[in-house]
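Descriptive analysis of the structure
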Amino acid sequence: MQMAAGFWVSKTLASAVELGLFPALADHPADKNTLATALGLKPRPAEVLLTACTALGLLDKTGDLYRNSPMTQAYLLPDKPHYFGGVVRFCDEREYVAWDRLPQALRTNRPITWDPDSHESPFADLEPEMIDLIWRGMHSLSASTAAVLATTCDFSPYRRILDVGGGSGAYLIELCKRHAHLTGTVYDLPPACEIAKQNIASASLDKTIATASGDFQRDAELPGGHDLILLSMILHDWDEATGRMLLRKCRDALPPGGAVMISELLVNPERTGPLDAALMGMNMLAETTGGRNYAEDEYLAWLKDAGFDEPEIIRFEAAGANGVVIGRRPV
């Protein structure tokens, strides 16, 4: 029953975000009637929503007063640095609709959210508001994952990072804030680099992080001058041939002793889980033409075939990844 009705949880969260419940409790607790008026709801639906959000741990209740839980206060208020509401709205407004037709993706081996016959990418025909949701959501997801990565892996051997497909710059911002010796470059398509520049400036890291516009599929080589290349939540978007091609370009761009880090939700070698990686693989059916979440042993083999030595896996728990696979170019 929990599996069959899993959408009850996601739709409750998405409805609360859309209605503005959590900002209404940002500064002080309130009772049911006050919240019903603030949200424009009648007493019955207000009570049902508040009960559900409290049961989910999104709200705390003392007497007749509701307040945001510490988790909600940290991640579901729009003015907070790690606001997660963009992810919630993106999943609700784009992916929920696609998952309703997931059997179609399974039968046809084609994405649901866009038509690859008429568009070059999943984002070609999106409204500006949806594009903004995607960027805000992915920035939050990447920043929270990068914060875990920064405290899990040893970055002391490295000095300059190239973040391939670095998007909004979230990974490099978090890594450079926590490791003062690091500098880096966000390498992505021009629109992404413009967004990254804004986020880098907001973090006061203009002199630490640069941007380089490019396309790793079409460019003959990746930007040089870096001793660590980061592939964060990139390879699951593409088929195996593209992933292997990118790893060969990474090897060619690195100096002897340099390394590549693959940060992903990794499937175990037995192909039995973990659940978050397995379900993200299902999502790739709805979103991509050839992507899926790959198993640890697949990445290890790709790295060895691309010419990397001593590949290793470091595991952790984060919103966007459960570990990194590291390969080093031979000295």
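Each chain carries its own residue numbering, running from 1 in the direction its sequence is written. Only residues with pLDDT of at least 70 get local features here, since the model is predicted, and only at 80 or more are side-chain atom pairs given and counted; chain-wide, interface and lining totals rely on the full set of residues. To obtain the side-chain values, all non-hydrogen atoms of the structure were used and water was disregarded.

We define a nonpolar core as any set of buried Ala, Val, Leu, Ile, Met, Phe, Trp, Tyr and Cys residues linked to one another through side-chain atoms lying within 4.5 Å. Accessibility here uses a 1.4 Å probe with only protein chains present; expressed as a share of the type maximum, an area under 20% marks a residue as buried, one over 50% as exposed, and anything in between as partly exposed. Ranked by size, the top nonpolar core spans 30 residues in total, and within it Leu 149, Phe 155, Ile 161, Leu 175, Ile 209 and Met 261 carry the most contacts. Elements that contribute at least two residues to this core include exactly helix H8 (128-152), helix H9 (170-178), helix H10 (190-202), strand S6 (228-232), strand S7 (259-264) and strand S9 (323-328). Numbering goes from the N terminus for both helices and strands, where a helix is a DSSP run of H or I of at least four residues and a strand is a run of E of at least two. Here the element with the most residues in this core is H9; it accounts for five residues. Beyond its immediate stretch of four places on either side in the chain, Met 261 contacts Cys 153, Phe 155, Tyr 158, Leu 228, Ile 229, Leu 230, Leu 231, Val 325 and Ile 326. Of all hydrophobic cores here, the second largest spans 26 residues; its members include Val 164, Tyr 187, Ile 229 and Ala 253. A contact between two residues is defined here by any heavy atoms of the two lying within 4.5 Å.

Patch members must show over 30% relative accessible area and no salt bridge, and they are joined within 9 Å when carrying like charges or within 5 Å when they are nonpolar side chains of Val, Leu, Ile, Met, Phe, Trp or Tyr. Accessible surface area values rest on a Shrake-Rupley calculation with a 1.4 Å probe, where residue burial reflects the displayed protein chains alone. Salt bridge criterion: a side-chain nitrogen from Lys or Arg within 4 Å of a carboxyl oxygen from Asp or Glu. Together, Met 1, Phe 7, Trp 8, Tyr 96 and Val 97 give the surface a local cluster of nonpolar side chains, amounting to about 580 Å² of exposed area. Those elements that place two or more of their residues in the nonpolar patch are helix H1 (6-19) and helix H6 (85-99). Following the sequence through the fold, Phe 7 ends up in helix H1. Judged by its relative accessible area of 41%, Phe 7 falls in the partly exposed class.

Here Glu 93 lies in helix H6. Placed 79 residues apart in sequence, Glu 93 and Ala 14 show a C-alpha to C-alpha distance of 9.1 Å. Contact partners of Glu 93, with chain neighbours within four places excluded, come to Met 130 and Leu 133.

Between the N-to-C directions of two axes lies an angle of 0 to 180 degrees, each axis being a line fitted to C-alpha atoms and, for a helix, fitted only over the stretch in contact. Running from N to C, H1 and H6 point in directions that differ by 120°, and their axes come no closer than 9 Å. Judged on the interaxial angle alone, H6 and H1 are oblique. For the crossing formed where H1 meets H6, the hand is left-handed. Listed contacts from H6 to Phe 7, Lys 11, Leu 13, Ala 14 and Val 17 of H1 are Gly 85, Val 88, Arg 89, Asp 92 and Tyr 96. Each residue belonging to the contact of H1 with H6 can be placed in one class, and the counts come to six nonpolar, one polar and three charged. Note on terminology: angles under 35 degrees are roughly parallel, angles over 145 are roughly antiparallel, angles of 65 to 115 are roughly perpendicular, and the others are oblique. Each crossing gets its hand from how the near helix is turned against the far one by less than a right angle, where anticlockwise is left-handed and clockwise is right-handed. Each residue gets one of three labels, nonpolar for Ala, Val, Leu, Ile, Met, Phe, Trp, Tyr, Cys and Pro, charged for Asp, Glu, Lys and Arg, and polar for the others, Gly among them.

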